[in-house]
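# Summary of the model geometry
Listed here are the chains, written in short residue letters.
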Amino acid sequence: MAVTESAPGAAPATQEAAGARAMHEAAGAGTTHEAAGARRQQNPTARTAYETATVRTVHENATARAAQEGILRRQSARESAARTYARSLPIVPVRARGLTIEGADGSRYLDCLSGAGTLALGHNHPVVLEAVRKVLDSGAPLHVLDLATPVKDAFTTELFRTLPPGLADRARVQFCGPAGTDAVEAALKLVRTATGRNGILAFTGAYHGMTEGALAASGGAPDVRVTRLPYPQDYRCPFGVGGEQGAELAARWTQSLLDDTKSGVTSPAGMILEPVQGEGGVIPARDDWMRRIREITAARSIPLIADEVQTGVGRTGTFWAVEHSGVTPDVMVLSKAIGGSLPLAVVVYRDDLDVWEPGAHAGTFRGNQLAMAAGAATLAYVRENRLAERAATLGDRMIGQLRALESDFDCVGEVRGRGLMIGVEFVDPEKPPATAGGPPPAAPELAAAVQRECLRRGLIVELGGRHAGVVRLLPPLTITDEQTTAVLDRLADAVAEVAKASTGRRVPGARELPTGRTEQAVRTEHAG
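Everything numeric here is computed off the predicted structure, so don't read it as measured data.

What the chain contains, in helices and strands, is 18 helices and 17 strands. Expressed as a percentage of its 528 residues, the buried residues of the chain come to 49%. For the chain, long-range pairs separated by at least 24 residues make up 69% of all intrachain contacts whose partners lie at least 6 apart in sequence. About 24,000 Å² of surface is accessible on the chain, with carbon and sulfur atoms providing 53% of the total.

Right, here's the structure in full:
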């Protein structure tokens, strides 16, 4: 079911609704399919025109599919084995607007990947396109290294307007290479330079990028050059208790490690954390734990780095995810949505940390004027239209409805998230838990199957978490209420199909129809 675009909160018409109206109007005029068919039989000219149009449509569809398959084959033959999304999403986007993507074969999809969280306003939002066109039409330089420009000044002004109050009034900004991972590298370099220390504290399950320093601070680092701390979570609590008690134990572990003279951990240069772990499985940090960590680091003069690359710009229900807890970090790493769909990354930090020598961190493409224009427009639109608040409300609704899946299907372990950053963890209920009383092991094959079934229904979702067992939703902040319903229905149908196939039993809660088919199956057919 493809959905047309409109302003947030509106009720746009679906293709099905439009089709229903057309059929109703045709019926009112006495133009049914049967009557039209009878006229074609009586009128050879009309029959010939109809048949010709049908053959042309079939030929055009076959040509489009063949073109898409050719592009995909050439991509597979030419591009590196490191490609990721293209493996699980074999589509060729040619047009996009808001939540909707159209493939080269004419198929349409609801995009809940959003460029891994980059598209806060969805694809090709009018304010973004207008901002980019304005720069292009003005004759302004597109490449300026780190020189000052009116476009850059406007972006920085808007960015500072959105920062947490405790940081905004004394902030400095470093423009980095146009990727979040370079901004992470810059942040680590910054705190090491400012403190004269080398060690970094990071957390299990973290993801901070793909360059060497960022990988070292991530949860999957092959070489341990960073002290790893437990990140609290309820479903797979490292201490087996979860909740407030689990978060406090994690904080005490951190405090003990820093204060124990025999822990083997020297005073670090900084601590880096994600307020919500995204690639780690959509795990929101508890607000009380965030405040405890801020107390611990502040008391020991350890700069706290908040990685807001994916959580920023309203994604979690506040403009910056740290605002949920009221914590003011010393350093913030920002990318993805701040560029309004174009490459841009910055580090914002307290002015007393600004002890770099000129050129200590540089990059040829740190002056991306188009990205700054698009970013300023995006930041202003999110702020002025209170899209963070809408993300909070809509996210609560989506998470609440998806939690029904936990009781309907044994393979759904937990639904969790914050704002429009949502995850559904899949488990194998037939296998014993890794620890007594713990949850079943992750089921990445089920998560992958759900992703495939979602794609068949015209819904694009991402996988993440330990063993890639979590289906992730990152819709744009502009998603409408009707689109939200369509996303939830398609995901629920996909889960039901996978659960049925994996157990061989009828889908729980699916009402049996007189024809022998289930209501769930009928909904799936219409959704396709």
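Further notes follow.
Evaluation of the coordinates by the stated rule reveals 28 salt bridges. A salt bridge links Arg350 to Asp330, with the nearest nitrogen and oxygen atoms 2.1 Å apart. Of this pair, Arg350 sits in strand E12 (residues 346-350) while Asp330 sits in the loop between strand E10 (304-307) and strand E11 (331-334), placing them 20 residues apart in sequence. Its relative accessible area of 19% is what places Arg350 among the buried residues. In the salt-bridge network here, residues are joined through shared partners; they are Arg170, Arg294, Asp330, Arg350, Asp351 and Asp352.

Next up on the list: the side chain of Gln277. With respect to the helices and strands, Gln277 occurs in strand E8 (residues 276-277). Excluding residues that lie within four positions of it along the chain, Gln277 makes contacts with Phe203, Thr204, Gly205, Ala206, Tyr231, Val282, Ile283 and Arg466.

Pairing is mixed in the open sheet, where four strands are placed in the order E1-E2-E3-E15. The open sheet terminates on both sides in strands that have one partner only, identified here as strand E1 (93-97) and strand E15 (459-460). Sheet topology note: the strand E3 (residues 108-111)/E15 ladder contains two bridges and is parallel. Each residue of the ladder has a partner; that of Leu110, found in E15, is Leu459.

Here we take up a nonpolar patch on the surface. A surface patch of nonpolar side chains, amounting to about 340 Å² of accessible area, comprises Phe239, Val241, Leu249 and Trp253. In this fold, Trp253 is placed in helix H11 (residues 243-259).

With that settled, consider the sheet that holds strand E5 (residues 200-203). Strand order in the open sheet made by the seven strands is E4-E12-E11-E10-E7-E5-E6, with mixed pairing throughout. Looking at strand neighbours, the two that pair on one side only are strand E4 (171-175) and strand E6 (227-229), the edges of this open sheet. Pairwise comparison of adjacent strand axes, ignoring direction, gives a mean angle of 20° for this sheet. The pairing of E5 with E6 spans three bridges and is classified as parallel. By the bridge assignment for E6, Leu201 is matched with Thr227.

With that settled, consider helix H14 (residues 387-402). The end-to-end C-alpha distance of H14 is 22 Å, a good match for the 22 Å that 16 residues give at a rise of 1.5 Å each. Residues Leu387, Ala388, Arg390, Ala391, Leu394, Gly395, Met398, Ile399 and Leu402 constitute the buried set of H14. One side of H14 holds all its buried residues, which, seen down the axis, span an arc of 150°. Exposed and facing more than 90 degrees away from the buried side of H14 are Thr393 and Asp396. At its buried positions, H14 is contacted by helix H13 (369-384), helix H15 (404-408), strand E13 (412-418), strand E14 (421-426), strand E17 (470-473) and helix H17 (481-503).

This part covers the environment of Val471. Here Val471 is to be found in strand E17. C-alpha separation for the pair Val471 and Leu446, spaced 25 residues apart in sequence, amounts to 9.6 Å. Setting aside residues no more than four positions away along its own chain, Val471 makes contact with Ile422, Gly423, Val424, Phe426, Ala447, Val450, Val461, Glu462, Leu463 and Leu491.

Time to look at the packing of aromatic side chains. Tallying each qualifying case throughout the model produces seven aromatic pairs. Where Phe239 meets Trp253, the ring centres are 6.5 Å apart and the plane angle is 55°; that geometry is what we call tilted. Here Trp253 lies in helix H11 and Phe239 lies in the loop between E6 and H11, a separation of 14 residues in the sequence. Judged by its relative accessible area of 30%, Phe239 is partly exposed. Among the aromatic residues, ring-to-ring pairing joins Phe203, Tyr231 and Trp289 into one connected group.

Definitions and cut-offs
- Residues numbered from 1 in each chain as written.
- Predicted model: local features only at pLDDT ≥ 70, side-chain atom pairs only at ≥ 80, totals over all residues.
- Heavy atoms only, no water.
- Helix = DSSP H or I, 4+ residues; strand = E, 2+ residues; numbered from the N terminus.
- Buried < 20%, exposed > 50% of the residue type's maximum accessible area, 1.4 Å probe, protein only.
- Contact = heavy atoms within 4.5 Å.
- Areas by Shrake-Rupley, 256 points an atom, 1.4 Å probe, with all protein chains shown as cover.
- Salt bridge = Lys/Arg side-chain N within 4 Å of Asp/Glu carboxyl O.
- Pairing = 2+ DSSP bridges.
- Patch = residues over 30% accessible without salt bridge, like charges linked within 9 Å, V, L, I, M, F, W, Y side chains within 5 Å.
- Axes fitted to C-alpha atoms, helices over the stretch in contact; angles between N-to-C directions.
- Expected span 1.5 Å × (residues − 1).
- Arc of directions from axis to C-beta.
- Phe/Tyr/Trp six-rings, centres within 6.5 Å; stacked < 30°, edge-to-face > 60°.

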